[in-house]
2 protein chains.
Amino acid sequence: MAKSFMDRLRAPESPVNLTKLSTDAHPGVSSKDDALKALPELGERLANLQEKLFAQARGGSEPARNSVLLVLQGMDTSGKGGTVKHVTGVMDPGGVHITSFKAPTEEELSHDFLWRVRKALPGAGQIGVFDRSHYEDVLIVRVRDLVPREQWEPRYGLINEFEQELADQGTTIVKCFLHISRDEQKERLLARLDDPTKLWKYNKGDVDERKLWPAYQEAYEAAINLTSTVTAPWYVIPADRKWYRNFAITNLLIETLERIDPKWPPADYDIDVEKARVLSS
Amino acid sequence: MAKSFMDRLRAPESPVNLTKLSTDAHPGVSSKDDALKALPELGERLANLQEKLFAQARGGSEPARNSVLLVLQGMDTSGKGGTVKHVTGVMDPGGVHITSFKAPTEEELSHDFLWRVRKALPGAGQIGVFDRSHYEDVLIVRVRDLVPREQWEPRYGLINEFEQELADQGTTIVKCFLHISRDEQKERLLARLDDPTKLWKYNKGDVDERKLWPAYQEAYEAAINLTSTVTAPWYVIPADRKWYRNFAITNLLIETLERIDPKWPPADYDIDVEKARVLSS
């Protein structure tokens, strides 16, 4: 049996060294052509599983509580937005809850760092997607010294507790680090500056962050090492090739949902009685 | 030049009589085949316009404030959810804000009826989609006497003022009544009861509402007559054919966005300076 994408892409148990992990490999599929050929059928499977997850939380006498949370992290231009568009494009938007986390507002800063994250969690039956997440609080916050070490250091443990709590309540967490190379980021930033339809996506600040590349990679390594748990493992997605990134994350979601194995809920009413009522109405 | 879908589908200025308006016509396209053939290109146009609307609210030195609000109303099974799935499926989910209004909570009931609606409005650059809306407060509320007439009757005027306020702030409102026949609803309810993957979509209460069909049609007519304004006209969509419903609303959105005519925003930075910064980073 073919190795699962979960197995192929799970962050290693030994401390991760990102420079040693390929950004342009394509484990699990031999070519772009093969991936693109497989995508329509994968999209249908994903859509079907998502609808079942949604349905089982709504129908029957004992609605299920399961939900999924996809967390996307990565450097600027690594493709978080593109991934959201691709993987949620096939799903019913009614069952998907997307949150794009920006720099925290004054109000958000006045609360615990998980406050805004809790408000954005998927409800039963939903697939939540985080474009950036609570991990920013141990990434940019750490790299840029936005709070002192005594504040960010305990967050790794707090995040693990938080994610365990979510898992206990029925949320399966899929954390993906979109791993691009520094050269690929340069290409993508230049492409934005060369295309009149993409100028608005460019921010001067992107270069300032880029200059801190090694510090960010170190912060990502720490996050992956300290928060990749059995409950909520990190997946490192080679993301220089957009087609592979989409293909891999679609497969990860399918495998995740197949493990949850949602079922169409039975009727919590008498079908024949209801048919008669409809017919006579 | 072909008549626009806006012109074809806009509710008549004279008082509307829904029984006289076809539920299975397909104005503007001669066959299902033709509609399905046109949809991929229409989808691309819609996606492109939506991205531009989003972009112009974010880039440049004077970001635009325009947004769009698509309001979907119709009897149970009329296809509100299917429409949301279809028309938003082609768009970037980051620029779309979907709200599905359920029976109001205690907290919502303790506020003015527009309170929860205001919280769900699209921000600048966004396309908001309401699956049900503030119109429920003059539909089920009126039919079921949920509040006394003295309370619901002034709401038509309040809604017109509210929608004018939104328009003044840059929101273009597209209100669609998904018009299905009573027979078509019967078919769709029976289909749910015949399909194990759809049992969860059926509610016993649907038949209770169905029995009030004439009262609902009357309430819809009143809503359309009293709130179809130049600012925010109602469109009556023949919705017995799902392909036509999707085709028509896709076209309405395209025409709406073409009138807004969003533009890719110019850079609010010096492109050459930034290229040099990226190259040297």
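Source: prediction; values computed, not measured.

Caption draft 1: Highlighting the packing of helix H2 (residues 32-56) of chain A against helix H12 (residues 242-260) of chain A. Residue and element names in this part refer to chain A. Running from N to C, H2 and H12 point in directions that differ by 35°, and their axes come no closer than 9 Å. Our pair here, H2 against H12, has a crossing hand that is left-handed. Taking contact as the criterion, the partners of Lys-32, Ala-35, Leu-36, Ala-38, Leu-39, Leu-42, Arg-45, Leu-46, Leu-49, Gln-50, Leu-53 and Gln-56 in H2 are, on H12, Trp-243, Phe-247, Thr-250, Asn-251, Leu-253, Ile-254, Leu-257, Glu-258 and Ile-260. Of the residues contributing to the contact of H2 with H12, the split by class is 14 nonpolar, four polar and three charged.

Caption draft 2: Layout of the UniProt feature "domain: Polyphosphate kinase-2-related" (unreviewed entry) in chain A. In the numbering adopted here, UniProt assigns the feature "domain: Polyphosphate kinase-2-related" (unreviewed entry) to residues 32-260 of chain A. Secondary structure content for residues 32-260 of chain A is 52% helix and 14% strand, and the end C-alpha separation is 29 Å.

Caption draft 3: Representation of the packing of aromatic side chains in the model. Throughout the structure, instances matching the rule amount to 17 aromatic pairs over all chains. Ring centres of Trp-243 of chain B and Tyr-244 of chain B lie 6.0 Å apart, and the angle between their planes is 85°; this geometry places the pair in the edge-to-face category. Tyr-244 of chain B shares its class with Trp-243 of chain B; the two are buried. By the ring-pair criterion, three or more aromatic residues cluster together here, those being Phe-5, Trp-243, Tyr-244 and Phe-247 of chain A. Taking the ring centre of Phe-54 of chain A as reference, the NZ or CZ of Arg-58 of chain A above it sits at 3.8 Å. Directly above the aromatic system of Phe-113 of chain A lies the positively charged group of Arg-155 of chain A, at a separation of 4.7 Å from the ring centroid.

Caption draft 4: The arrangement of helix H9 (residues 182-194) of chain B in detail. Relative to the 18 Å expected for 13 residues at 1.5 Å per residue, H9 of chain B spans 19 Å between its end C-alpha atoms, a close match to the ideal helical length. Burial in H9 of chain B covers these residues: Gln-185, Lys-186, Arg-188, Leu-189, Leu-190, Arg-192 and Leu-193 of chain B. Buried residues along H9 of chain B sit against helix H13 (271-279) of chain A together with helix H10 (204-210), helix H11 (213-227) and helix H12 (242-260) of chain B.

Caption draft 5: Representation of the environment of Gly-95 of chain A in the model. Residues and elements named next belong to chain A. Checked against the element boundaries, Gly-95 lands in the loop between helix H3 (80-89) and strand S2 (96-100). With a relative accessible area of 1%, Gly-95 lands in the buried category. Taking C-alpha positions, Gly-95 is 7.0 Å from Gly-125, a pair spaced 30 residues apart along the chain. With sequence-adjacent residues up to four places away left out, Gly-95 is seen in contact with Gln-50, Phe-54, Gly-125, Gln-126 and Ile-127.

Rules and cut-offs
- Residues numbered from 1 in each chain as written.
- Chains lettered and ligands numbered in written order.
- Predicted model: local features only at pLDDT ≥ 70, side-chain atom pairs only at ≥ 80, totals over all residues.
- Heavy atoms only, no water.
- Axes fitted to C-alpha atoms, helices over the stretch in contact; angles between N-to-C directions.
- Helix = DSSP H or I, 4+ residues; strand = E, 2+ residues; numbered from the N terminus.
- Left-handed = near helix turned anticlockwise from the far one by under 90°.
- Contact = heavy atoms within 4.5 Å.
- Nonpolar A, V, L, I, M, F, W, Y, C, P; charged D, E, K, R; others polar.
- UniProt positions renumbered as here; feature names shortened; annotations may be inferred.
- Phe/Tyr/Trp six-rings, centres within 6.5 Å; stacked < 30°, edge-to-face > 60°.
- Buried < 20%, exposed > 50% of the residue type's maximum accessible area, 1.4 Å probe, protein only.
- Lys NZ or Arg CZ within 6 Å of the ring centre and 35° of its normal.
- Expected span 1.5 Å × (residues − 1).

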